[in-house]
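Summary of the model geometry
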Amino acid sequence: MLYALCFLLFMIGLYCALVKKNMVRIVLGIVIMEYAVNILLIMIGFRIGGEAPILSPPQGLPLKTSLQSVDPLPQALVLTAIVISLGSLALMVSICIRTYQRYGTFDITQIRRLRG
Amino acid sequence: MNGMTIIVKNISSWIKILIFLFGIYITLFGHLTPGGGFAGGVILASSYILLTLAFGKRVTDENLPLWLASRLDCIGALLFLAISLVGFLFGASFFFYNFIQQKYLAQHASDFHLVSAGTIPLSNFAIALKVGASLFMVFLVLSTFRPGEPAQQE
Amino acid sequence: MKIPLPWFVAIPLAAAFVLPMFGEKVRKTSLAIANGTMALLFLFSIFSLGRQDVYLVGRWTIPFGINLVLDGLSELLLLTVSVVSFASMVFSIRYMQRYTGLSKYLSLFLLMVTGMNGVVLSGDLFNLFVFLEIASIASYALVGFGCEHEELEASFKYMVLGSVASMFILFGVAMLYGMTGHLNMAYVSQALQGASLRLPVVFALAMFLAGFSLKAALVPFHAWLPDAHPAAPAPISAMLSGVLIKTLGIYALVRVVFNVFGVSPEQDWSIHLSWLLITLGVLSMVIGVFLAVGQWDFKRLLAYHSISQMGYVVLGIGIGALVIAQGGSHTWAALAILGGLFHLINHAVFKSLLFLTSGSIETATGSRLLKDLGGLAEKLPLTRTTCTIASAAIAGIPPFNGFWSKLLIVLAAVWAGHVWLAAVTVLVSLVTLISFLKVQRYAFLGNTPAHLDSVKENGGSMSWAMGFLACLCVLMGLLLLIPDLKTTILDPAVNTVLNGIQYAGDTIANSR
């Protein structure tokens, strides 16, 4: 059920990215999609009542049973995905700024030199 | 840009050192506690961003200008690559050979100490350098472009 | 010589970060380093032909560690990437003289090559996504490199649709991880074969299909390509059309569909999937080519042809999948897949050559609108010759490479019992020929306009790059005709696709 909500959020982001006319809102739509996927990944790794998968000196090695801790792999994936989305977000925002300098507007219906 | 009021300037000149130190702490203890190169790098970058916001762009131009940040960015990436390649010199013909751990630290059981985990702290340092410099560069580049002004040379 | 696989990623990455250290002053050194890197990668990819290898990064065993896999399909794509990027890099030496920011350009170029090599070699799904994003982000920046009105607009469009595609792919990866608990392709594939839940698997597959089709610009998803590819500098257009849409789109699609999900008669969705691929292929072929005929901008025309030609590749692979899914003879399936993959590398060569010639014309005359050109046959003899060769190749005229791969696809369609597919293929080929006759007529023949009287041929590195690719266009038919070359280069790739989910077993066995 929660996974379906993630997909709903994903679709909201997609709607925002494809339908809105303002460049900044399109960028925000893509960011919402990214967060939807990140939440999905975190939820896949989550375990109710689980502990943080960090070893600390009193317990030490060896690992306790893996069933007791939250799956750490999706968290690493999300961290990587956030870094990547940071890079592409910075590029998108800079392209938006340059476009605004050229055209004087964020409205994509007025930014139409390419046709056909 | 002359920066903000005297209150902000005074406080941030104290805070910036703490933030910077916290960034270094997070980076160095990345293999023991939550954190690591990326988080530490972000904190390092944020101390410089605070500096820019409080004191204006001229101060950062003297401390960490764009060209220096760009060089640090590249050095961080190359350092990380070098760490992964150094393993080839230490007898093992594969990437990311944790040569320090395998050759020197494995004899002494030193888990949960600062000097442990071999090359991982070094990689963390390289990543912090890379992330800190590039995030600060992103901030600087985006903040210097003013919408409305004609396009300027880079 | 056994080259460690991570070098294919590490060398261009190192070069990409070394170059900005020099700054803008030392153009010659930067160009020398970049070209040296490309030549080295070219040599490496030739040396690693005919090798089956799994590389465990940091010697962590799979499924716990990251692995790089070199098999037939990877080798083929690796070779294609290095050939096209080498030629484009040589072309850039002369072409980039009129741009500033050379070291940024070279750095982004090398990052793009890093990403593509990584995508081709990666053995687990998340790294596939990471490298795909590296290549994509570098290409977004390169499309907007000129920072003029059209380029920014095209770059924004490309970036929005590219990011949406990446998110689809990441969603698919997340779903697969949730279902199987693995990211390694081999283990995911094994776990999926025993999966009991049918709906989530199909849903994840749909996510991957949408994402990779967007990256490959197949027809319902093609809106960004005709804007993005012409806006980039010519060598980058050659890279984007030549290899980027293939590695990020087609290669990843084939890898995920055939090797991870597996197409087999037992799975009832296989037939629907193959028909979907065939539909996408036919739509791309037909719509792409008819949109191309009406174009007057040379590079835009070429970009529409890229869509059309990607349709051929997907059609060939789709027919192969259909034959496998219906439980037909593997010989005919192999023929169809061979046609598709062979057309993929042929298209990489002739389309990048066409984009390079368009760059040569643009440098010489300052325009790429066909109506402004004319009578260039005598002014630009080398460009004219290479452009004619490449046009003949793309239209499928016999001795050139495009003919052989189209022939294979037509034969496979006929033998699979779908004569109408063969008819459509031939028809599209004819329309392609018409549109390239138009290019020849308006650009090279006819009267020379007055403002083009003083046009001179671009010598130096541009002619070397174009000559190299033109020779390949003529000679690549030999890949099919000489049995030794066929068994070392093409057959391993076809077998990788044909064997499907045996990939998992092979990878796990090789990594021991």
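Just so it is clear, the model here is predicted, and its values are computed rather than measured.

**With respect to the interface of chain A and chain C**
The interface is formed by 38 residues belonging to chain A together with 36 residues belonging to chain C. With both sides pooled, the region where chain A packs onto chain C buries about 3400 Å², and carbon together with sulfur makes up 79% of that total. Residue Arg102(A) is joined to Glu148(C) by a salt bridge in which the shortest nitrogen-to-oxygen separation is 3.8 Å. There are four residue pairs in polar contact (both at pLDDT 80 or more) connecting chain A and chain C. Examining the composition of the side of chain A that touches chain C, we find that 16 residues originate from one element, helix 3 (residues 72–103) of chain A, more than from any other. Per-class residue counts for the side of chain A that touches chain C are 26 nonpolar, five polar and seven charged.

**Side note on the nonpolar core**
Core analysis: the largest hydrophobic core is formed by 244 residues, its most contacted members being Phe258(C) and Phe261(C). Residue assignment places this core across two domains, with domain 1 (1–262 + 504–512) and domain 2 (265–481) of chain C each supplying three or more. With residues near it in sequence (within four places) discarded, Phe261(C) still touches Leu176(C), Leu192(C), Gln193(C), Val201(C), Ala204(C), Leu205(C), Phe208(C), Val256(C), Gln267(C), Trp269(C) and Ile501(C). Counting eight residues, the second largest nonpolar core, distinct from the first, contains Leu135(B), Phe136(B), Met137(B) and Leu140(B).

**As for the pairing of strand 1 (residues 53–56) of chain C**
Residues and elements named next belong to chain C. Judged by which residues are buried, strand 1 turns out to be covered on both faces: Asp53 and Tyr55 on one side and Val54 and Leu56 on the other are all buried. The pairing of strand 1 with strand 2 (residues 67–70) spans four bridges and is antiparallel. The partner of Val54 across the bridge, within strand 2, is Val69.

**A look at the side chain of Ser122(C)**
Residues and elements named next belong to chain C. With respect to the secondary-structure elements, Ser122 resides in the loop between helix 4 (102–121) and helix 5 (125–143). Assessed through its relative accessible area of 1%, Ser122 is described here as buried. A polar contact of 3.0 Å, which involves the side chain of Ser122, links it to the backbone oxygen of Asp124. A distance of 3.3 Å separates a polar side-chain atom of Ser122 from the backbone nitrogen of Leu128. Setting aside residues up to four positions removed in sequence, Ser122 forms contacts with Asn67, Leu68, Asn127, Leu128, Phe131 and Met185.

**With respect to the packing of helix 11 (residues 269–293) of chain C against helix 12 (residues 298–325) of chain C**
Residues and elements named next belong to chain C. The geometry of helix 11 relative to helix 12 is characterised by a closest axis approach of 7 Å and an angle of 160° between their N-to-C directions. Comparing the axis directions of helix 11 and helix 12 gives the class roughly antiparallel. Like other packed secondary-structure pairs, helix 11 and helix 12 cross with a definite hand, here left-handed. Residue composition of the contact of helix 11 with helix 12, grouped by class: 19 nonpolar, nine polar and no charged.

**Some details on the confidence of the model for chain B**
Residues of chain B with pLDDT of at least 70 account for 74%, and the chain-wide mean is 78. In the model of chain B, helix 5 (residues 99–105) of chain B stands out as the element of lowest mean pLDDT, 63, in contrast to helix 1 (residues 6–28) of chain B, which has the highest, 89.

**Focus on the packing of aromatic side chains**
A complete count under the given rule lists 27 aromatic pairs over all chains for this structure. Centroid distance Trp7(C) to Phe44(C): 6.0 Å. Interplanar angle 35°. Geometry classified as tilted. Residue Trp7(C) is located in helix 1 (residues 7–22), and its partner Phe44(C) is located in helix 2 (residues 27–47); the two are separated by 37 residues in the primary sequence. Through successive ring pairs, a cluster of aromatic residues spans Phe7(A), Phe10(A), Phe168(C), Phe171(C) and Phe203(C). Positioned over the ring face of Trp296(C) is Lys371(C), at 4.5 Å from the centre of the ring. Over the aromatic face of Tyr442(C) sits the side chain of Arg441(C), whose NZ or CZ is 4.9 Å from the ring centroid.

**Concerning helix 13 (residues 330–365) of chain C**
All names here are of chain C. With 36 residues, helix 13 extends 51 Å from end C-alpha to end C-alpha; this agrees with the ideal 52 Å at 1.5 Å per step. The N-cap of helix 13, judged by a side-chain oxygen 3.1 Å from the amide nitrogen of Thr331 a few residues on, is Ser329. Downstream of helix 13 by a residue or two, Gly366 has a phi angle that is positive, lying close to 80°.

**Details of unusual backbone geometry**
Although it is not a glycine, Ala217(C) sits at a positive phi angle of roughly 60°. Looking at where Ala217(C) falls in the secondary structure, it is placed in the loop between helix 8 (199–216) and helix 9 (225–231).

**As for a nonpolar patch on the surface**
Residues and elements named next belong to chain B. Taken together, the side chains of Met4, Ile6, Ile7, Val8, Ile11, Trp14, Ile15, Leu18 and Leu53 define a hydrophobic patch exposed on the protein surface, amounting to about 950 Å² of accessible area. Within the fold, Leu53 resides in helix 2 (residues 37–55). By relative accessible area, Leu53 is classed as partly exposed at 45%.

Conventions adopted
- Residues numbered from 1 in each chain as written.
- Chains lettered and ligands numbered in written order.
- Predicted model: local features only at pLDDT ≥ 70, side-chain atom pairs only at ≥ 80, totals over all residues.
- Heavy atoms only, no water.
- Contact = heavy atoms within 4.5 Å.
- Buried area = accessible area lost by both parts, 1.4 Å probe.
- Salt bridge = Lys/Arg side-chain N within 4 Å of Asp/Glu carboxyl O.
- Polar contact = N/O pair within 3.5 Å; in protein donor to acceptor, adjacent residues only side chain to side chain.
- Helix = DSSP H or I, 4+ residues; strand = E, 2+ residues; numbered from the N terminus.
- Nonpolar A, V, L, I, M, F, W, Y, C, P; charged D, E, K, R; others polar.
- Core = buried A, V, L, I, M, F, W, Y, C linked by side-chain atoms within 4.5 Å.
- Buried < 20%, exposed > 50% of the residue type's maximum accessible area, 1.4 Å probe, protein only.
- Domains from an automatic or database assignment.
- Pairing = 2+ DSSP bridges.
- Axes fitted to C-alpha atoms, helices over the stretch in contact; angles between N-to-C directions.
- Parallel < 35°, antiparallel > 145°, perpendicular 65-115°, else oblique.
- Left-handed = near helix turned anticlockwise from the far one by under 90°.
- pLDDT = per-residue confidence, 0-100.
- Phe/Tyr/Trp six-rings, centres within 6.5 Å; stacked < 30°, edge-to-face > 60°.
- Lys NZ or Arg CZ within 6 Å of the ring centre and 35° of its normal.
- Expected span 1.5 Å × (residues − 1).
- Patch = residues over 30% accessible without salt bridge, like charges linked within 9 Å, V, L, I, M, F, W, Y side chains within 5 Å.
- Areas by Shrake-Rupley, 256 points an atom, 1.4 Å probe, with all protein chains shown as cover.

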